[in-house]
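Analysis of the macromolecular model
Take a look at the letters that make up each chain.
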Amino acid sequence: MSVVVLVEHTEGNIKKKSLEAIQYAAGIAQKTGTTVSAVVLGTLADNVMQDLGQYGAQKVLHVPDARLNQLHARAYTNALITAAQKEDSKIIIALHDINGRAVAPRLSAKLKAGLVAGALSYPDLTNGFAIKKQVFSGKAFAYVNITSDVKVITLMLNTFPLSKTEGSASIQKLDVNFSDKDFGIRVKETNKITGDIQLADAQLVVSGGRGMKGPENWGLIEGLAKELGAATACSRPVADAHWRPHHEHVGQTGGTVRPDLYIAVGISGAIQHLAGVSGSKTIVVINKDPEAPFFKAANYGVVGDALEILPRLTQAVEKFRQ
Ligand code: FAD
């Protein structure tokens, strides 16, 4: 019996957030007296997969089908069910990201399994299998007890710090019976996300909202981000207006970030935005309206015009670093 985890990879490397999922699975395996089987879909080098042992995976089940290098939700679901059946697994874990959110509900429906989407804690086994998660876009927390035999969990990103140990995972090829339907989606084009720091992994984030007035002022956000070594993000209307690309949009309908520092510039702090950023350790808000709701969620606040404050803040960081 083992805990099965969906592992994501890109350009030959495991995504950092998937290492967190494996570590989380290892914690559950320890509590339940089982082991961890990581499911790798698509092409990946053996040594990279073996290294998953350093985060708690005993075994890697590998489906080396190049079509799986891109998300095909039906095929991923099929592969995970095959893996779970092979391992006699009662717990399946994915990330609470675009891939996990596409696959987990399908798994839940097909396996008649209870699902906790966006887990923030290990299960409390003292009275069932209760897991903490956000509800009402982060306004409150709930403890959800999964009572079904098979359990599906998506783990909120950046919830637990990563730590590496010694270990090497064994690799087994997993045969899955795919049908043409599993690959019903045709990927026409892939756009690579540019930038040195990936938003999901960033420890520091500078984010802009409609208060930045227009894309012509984004150099100020990028300037501060560059000085700090931070990633850039934005509110949804900013992405909708094509001031910034959609992968930078955070919130209920965008990405989730949980960095050490989130600097929100000209963002009002609507509940849908907070849903994606309220897990940040420290929040700094720059807004010209002292009544902006974001100040309630902030650790530090600056009331004033962002277009004046940002150059001064960037200069101050530059001086500090010299
Ligand atoms: P605004 O609300 O227009 O706020 C701009 C802020 O900038 C104001 O607080 C203003 O005081 C300040 N400002 C103006 N000028 C300056 C200046 N010169 N200097 C400093 N501050 C200034 N939103 C998201 O962000 N992410 C989501 O995932 C998301 N999902 C949604 C899902 C649903 C179903 C719905 C209904 C909405 C969703 N929204 C989401 C939209 C959300 O409700 C807000 O409308 C949005 O977050 C507002 O974006 P904003 O703060 O950039 O703009």
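Residues numbered from 1 in each chain as written. Predicted model: local features only at pLDDT ≥ 70, side-chain atom pairs only at ≥ 80, totals over all residues. Heavy atoms only, no water.

The chain is annotated in an unreviewed UniProt entry as Electron transfer flavoprotein alpha subunit from Mucilaginibacter pocheonensis. Its UniProt record gives the chain a comment under Sequence similarities (unreviewed entry), which states: "Belongs to the ETF alpha-subunit/FixB family." (UniProt positions renumbered as here; feature names shortened; annotations may be inferred.)

**Here we look at the overall build of the chain**
Counting secondary structure elements, the chain contains nine helices and 16 strands. Since a compact globule built from 322 residues should have a radius of gyration of about 20 Å, the 21 Å found for the chain is in line with a globular shape. By its C-alpha atoms, the chain is 60 × 45 × 40 Å across when sized along the principal axes. When contacts within the chain are restricted to residue pairs at least 6 apart in sequence, long-range pairs at least 24 apart make up 65% of them. Carbon and sulfur atoms form 50% of the exposed surface of the chain, whose accessible area is close to 15900 Å². Counting 35 positive and 29 negative side-chain charges, the chain places the averaged centre of each group 5 Å from the other. (Helix = DSSP H or I, 4+ residues; strand = E, 2+ residues; numbered from the N terminus. Rg over C-alpha atoms; globule rule 2.2 N^0.38 Å. Contact = heavy atoms within 4.5 Å. Areas by Shrake-Rupley, 256 points an atom, 1.4 Å probe, with all protein chains shown as cover. Lys, Arg positive; Asp, Glu negative; His and termini not counted. Charge placed at Lys NZ, Arg CZ, Asp CG, Glu CD.)

**Thoughts on the site of the ligand**
Near the ligand there are 25 residues, and of these Arg210, Ser235, Ser268, Gln272 and Asn287 occur at the shortest range. Contact between the ligand and arginine 236: an oxygen atom at 3.0 Å from a main-chain N or O atom of the residue. The side chain of histidine 273 places a nitrogen or oxygen atom 2.9 Å from an oxygen atom of the ligand. In the complex, 76% of the free accessible area of the ligand, which totals 980 Å², lies under the protein chains. Most atoms of the ligand, that is more than half of them, are within 2 Å of grid points of the second largest pocket. For the shell around the ligand, the secondary structure elements donating two or more residues are helix H6 (236–240) and helix H7 (271–277). (Near = heavy atom within 4 Å. Polar contact = N/O pair within 3.5 Å; in protein donor to acceptor, adjacent residues only side chain to side chain. 1 Å grid on protein atoms, 1.4 Å probe; cavity = no way out; pocket = protein on both sides within 12 Å on 5 of 7 lines; lining within 4 Å. Sits in = over half its atoms within 2 Å of the grid points.)

**Examining the side chain of serine 148**
If you trace the backbone, serine 148 turns up in the loop between strand E9 (140–145) and strand E10 (151–155). Within the local environment of serine 148, its side chain forms a polar contact with the backbone nitrogen of glycine 114, the two atoms lying 2.7 Å apart. Non-local contacts of serine 148, meaning those with residues more than four positions away in its chain, are made with Lys112, Ala113 and Gly114.

**Here we look at the packing of aromatic side chains**
The description of two aromatic rings rests on the distance between their centres and on the angle between their planes. Applying the stated rule across the entire model yields six aromatic pairs. Judged by centre distance (4.8 Å) and plane angle (35°), the rings of tyrosine 122 and phenylalanine 160 are tilted. Placement of the pair is tyrosine 122 in the loop between strand E7 (114–119) and strand E8 (130–135) and phenylalanine 160 in the loop between E10 and strand E11 (170–173), with a sequence separation of 38 residues. Of the residues examined, tyrosine 122 reaches a relative accessible area of 26% and is grouped as partly exposed. An aromatic cluster of at least three residues, connected via ring pairs, comprises Tyr24, Tyr122 and Phe160. When the ring centre of phenylalanine 183 is taken as reference, the NZ or CZ atom of arginine 67 above it lies at 3.8 Å. We note lysine 151 situated over the ring of phenylalanine 129; from NZ or CZ to the ring centre the distance is 5.2 Å. (Phe/Tyr/Trp six-rings, centres within 6.5 Å; stacked < 30°, edge-to-face > 60°. Buried < 20%, exposed > 50% of the residue type's maximum accessible area, 1.4 Å probe, protein only. Lys NZ or Arg CZ within 6 Å of the ring centre and 35° of its normal.)

**Quick notes on the layout of surface pockets**
Reported here for the second largest pocket is a volume of approximately 510 Å³. For the second largest pocket, the lining is made up of 27 residues, of which Arg210, Ser235, Gly266, Ile267 and Ser268 are closest to its centre. The set of elements that each furnish at least two residues to the lining of the second largest pocket consists of H6, H7, strand E15 (282–287) and helix H9 (306–321). Residue composition of the lining of the second largest pocket, grouped by class: eight nonpolar, 13 polar and six charged. (Points joined across faces, edges and corners; volume = space filled by probe spheres on them. Nonpolar A, V, L, I, M, F, W, Y, C, P; charged D, E, K, R; others polar.)

**Some remarks on H9**
Compared with an ideal rise of 1.5 Å per residue, which puts 16 residues at 22 Å, H9 spans 22 Å between its outermost C-alpha atoms and is within 8% of the ideal. Where H9 is concerned, the buried positions are Ala306, Ile309, Leu310, Thr314 and Val317. End-on view of H9: buried residues confined to an arc of 130°, all on one side of the axis. The exposed set on the far side of H9, more than 90 degrees from its buried face, consists of Glu308, Arg312, Gln315 and Lys319. For H9, the elements touching its buried residues are helix H5 (218–228), strand E14 (261–265), E15 and strand E16 (300–303). (Expected span 1.5 Å × (residues − 1). Arc of directions from axis to C-beta.)

**Observations concerning the sheet that holds E15**
Across the sheet, which stays open at both edges, the five strands sit in the order E13-E12-E14-E15-E16 with parallel pairing between neighbours. Bordering the open sheet on either side are strand E13 (231–234) and E16, each of which pairs with just one other strand. Pairwise comparison of adjacent strand axes, ignoring direction, gives a mean angle of 15° for this sheet. In this structure, E14 lies alongside E15, joined through five bridges in parallel fashion. The residue bridging isoleucine 263 from the neighbouring strand is valine 284, located in E15. Contacts between H9 and the sheet are confined to E14, E15 and E16, with E15 contributing the most and set at about 130° to the helix. (Pairing = 2+ DSSP bridges. Axes fitted to C-alpha atoms, helices over the stretch in contact; angles between N-to-C directions.)

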